[in-house]
Amino acid sequence: MADTPRVTLADIAAEAGVSLATMSKVLNGRTDVAPATRARLEEHLKRHGYRRRNSTQRNEVVELVFHELEPSWSMEVIEGVEDVAHAAGLSVVLTVSGDRHAPSADWIDGVLRRRPVGVILVFSDIEPRYREKLRSRGIPFVIVDPAGDPSPDVPSVGSANWSGGLMATRHLIELGHRRIAAITGPEDMMCSLARVDGYRSAMNAAGLPIDPELIRFGDFHPGGGERHARDLLALGDPPTAFFAGSDLQALGVIAAGSAAGLSVPDDLSVVGYDDIALARWMSPQLTTVHQPLRRMGEEATRLALRLADGATADTLRMDLATHLVVRGSTAPFAA
């Protein structure tokens, strides 16, 4: 049996109805190609199983990008990424860039030079022009715990934030609390809004009034939690329980309670969110919503590596389940 004739780039270009010059621009990630032409040519390349020659020149690393390194929770994500990357024989490069919405403009030029196998971004989104540049160079990317609402074609791994807020608030209601405050994260982050929406749903389902004064938007850090809790505890009818949108904010709430002469959980019940390692070492130990940060890093890396191998993902959006971990910072309300 005769061997199947080898398909050349010239053959693919002719089949797609483009010139070799246009083919070269697409393969080299040039942006001066019409999107429709690029998409048509990429489809022909994929159908013929063509792998870019420069794909073999990729550095054997996965790049993990944060806008800030908060050790209490970022280490969980880092360890998840490292576990999967190391099992695949890859190293992990850590980069800090931009703000919570997106990496900075100069990051894209650097990552194109570094040529990682894949990129894991702990951000809300990535600008369309940057997505196109990464895709044109064959560098897959996945967003972890999107703070916004990424486009449907953006691969992302998050957690069930609404369910977490619902569970936390329902737990406090079942303990008899009625004046329950919620201190969530920044108002422009989807995860913050989802958690406080879960809070509202639990209050509505229990037939409890929602006092807008008891809902505050913080910054996920202890200082924000302490500041808002101090203001709320100074109200004429203060809350008897708090749902904090992060464990770090819960630390601030407990500090504000202590400064006001209140004991947790005897005088004040507090539920956090994340279940960072510190939650188990506090006194009392913190009741919190477990967010699977490590697994989120693992799943994001698996998805990036599948995409790097040319596989088609069953779904580009994955939301992992959260669950409530009851410890010592909550107690029945004593009227």
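Residues numbered from 1 in each chain as written. Predicted model: local features only at pLDDT ≥ 70, side-chain atom pairs only at ≥ 80, totals over all residues. Heavy atoms only, no water.

Peer 1: Mind laying out the sheet that holds strand β11 (residues 317–320), listing which residues take part and the relevant values?
Peer 2: Reading across from one edge, β2-β1-β3-β4-β5-β11 is the order of the 6 strands in this open sheet, with parallel pairing throughout. The open sheet has two edge strands, β2 (91–96) and β11, and neither has a second partner. Each strand of the sheet is rotated relative to its neighbour by a mean of 20°, with strand direction disregarded. Where strand β1 (residues 61–66) lies against strand β3 (residues 118–121), 4 bridges are found, and the strand directions are parallel. When the bridges of β3 are listed, Val-65 appears paired with Leu-121. (Pairing = 2+ DSSP bridges. Helix = DSSP H or I, 4+ residues; strand = E, 2+ residues; numbered from the N terminus. Axes fitted to C-alpha atoms, helices over the stretch in contact; angles between N-to-C directions.)

Peer 1: Break down unusual backbone geometry for me, citing the residues and quoting the values.
Peer 2: It is generally the case that most residues other than glycine have a negative phi and that most peptide bonds are trans. Cis geometry is adopted by the peptide bond preceding Pro-265, which originates at Val-264 and carries an omega value of 10°. Structurally, Pro-265 is set in the loop between α10 (247–259) and β9 (269–274). At the junction of Ser-283 and Pro-284, the peptide bond is cis and its omega measures out at 0° in the coordinates. On the secondary structure map, Pro-284 appears in the loop between β9 and β10 (287–290). Residue Arg-115 is not a glycine yet carries a positive backbone phi of 50°. As for its position among the elements, Arg-115 is in the loop between α5 (105–114) and β3. We note that Phe-220 has phi near 70°; this positive angle belongs to a residue other than glycine.

Peer 1: Tell me about the pairing of β3, residues and numbers included.
Peer 2: Regular strands place side chains that alternate from one sheet face to the opposite one. Burial along β3 is two-sided: Gly-118 and Ile-120 facing one way and Val-119 and Leu-121 facing the other are all buried. Note that β3 and strand β4 (residues 141–144) share 3 bridges and pair parallel. Counterpart to Ile-120 in the pairing with β4 is Val-142. (Buried < 20%, exposed > 50% of the residue type's maximum accessible area, 1.4 Å probe, protein only.)

Peer 1: Requested: an account of the nonpolar core, with residues and values cited.
Peer 2: One recurring pattern in soluble globular proteins is that nonpolar side chains are buried together. Ranked by size, the top nonpolar core spans 36 residues in total, and within it Ile-180, Tyr-199, Leu-232, Phe-242, Phe-243, Val-270 and Leu-286 carry the most contacts. Among the elements of the structure, α7 (161–174), β6 (180–184), α8 (190–205), α9 (222–233), β8 (241–244), α10 and β9 are those that each provide at least two residues to this core. Apart from the residues within four sequence positions on either side, Leu-232 is in contact with Ala-181, Ile-183, Glu-213, Leu-214, Arg-216, Pro-238, Pro-239 and Phe-242. (Core = buried A, V, L, I, M, F, W, Y, C linked by side-chain atoms within 4.5 Å. Contact = heavy atoms within 4.5 Å.)

Peer 1: Please provide a residue-by-residue account of the packing of aromatic side chains, values included.
Peer 2: Two descriptors summarise a pair of aromatic rings, namely the distance from one centre to the other and the angle between the planes of the rings. Scanning all chains against the criterion turns up 2 aromatic pairs. A centroid spacing of 5.9 Å and a plane angle of 65° characterise the contact between Phe-66 and Trp-73, whose relative ring orientation is edge-to-face. Here the aromatic rings of Phe-243 and Tyr-273 are separated by 6.4 Å at their centres, their planes lie at 50°, and the arrangement is tilted. Separated by 30 residues along the polypeptide, Phe-243 in strand β8 and Tyr-273 in strand β9 bring together distant segments of the chain. Above the face of the Tyr-273 ring, Arg-195 is positioned so that its terminal group lies 3.8 Å from the ring centre. (Phe/Tyr/Trp six-rings, centres within 6.5 Å; stacked < 30°, edge-to-face > 60°. Lys NZ or Arg CZ within 6 Å of the ring centre and 35° of its normal.)

Peer 1: Can you explain the sheet that holds strand β12 (residues 323–325)? Please cite residues and give values.
Peer 2: Pairing is mixed in the open sheet, where 6 strands are placed in the order β7-β6-β8-β9-β10-β12. Each end of this open sheet is capped by a strand with a single partner; those strands are β7 (215–217) and β12. Within the sheet, the average angular offset between the axes of one strand and its neighbour, ignoring direction, is 20°. Bridge analysis of β8 against β9 gives 3 bridges, and the strand direction is parallel. What sits directly across from Ala-241, in β9, is Ser-269.

Peer 1: Which residues make up the environment of Ala-168, and what are the values?
Peer 2: Inspection of the secondary structure puts Ala-168 in helix α7. In sequence terms Ala-168 and Val-325 are 157 residues apart; their C-alpha atoms lie 9.3 Å from each other.

Peer 1: Which residues make up the confidence of the model for the protein chain, and what values do they have?
Peer 2: This prediction gives the protein chain a mean pLDDT of 87; 90% of its residues lie at or above 70. Looking over the protein chain, one finds the lowest element-wise mean pLDDT in helix α2 (residues 20–27), namely 72, and the highest in β8, namely 98. (pLDDT = per-residue confidence, 0-100.)

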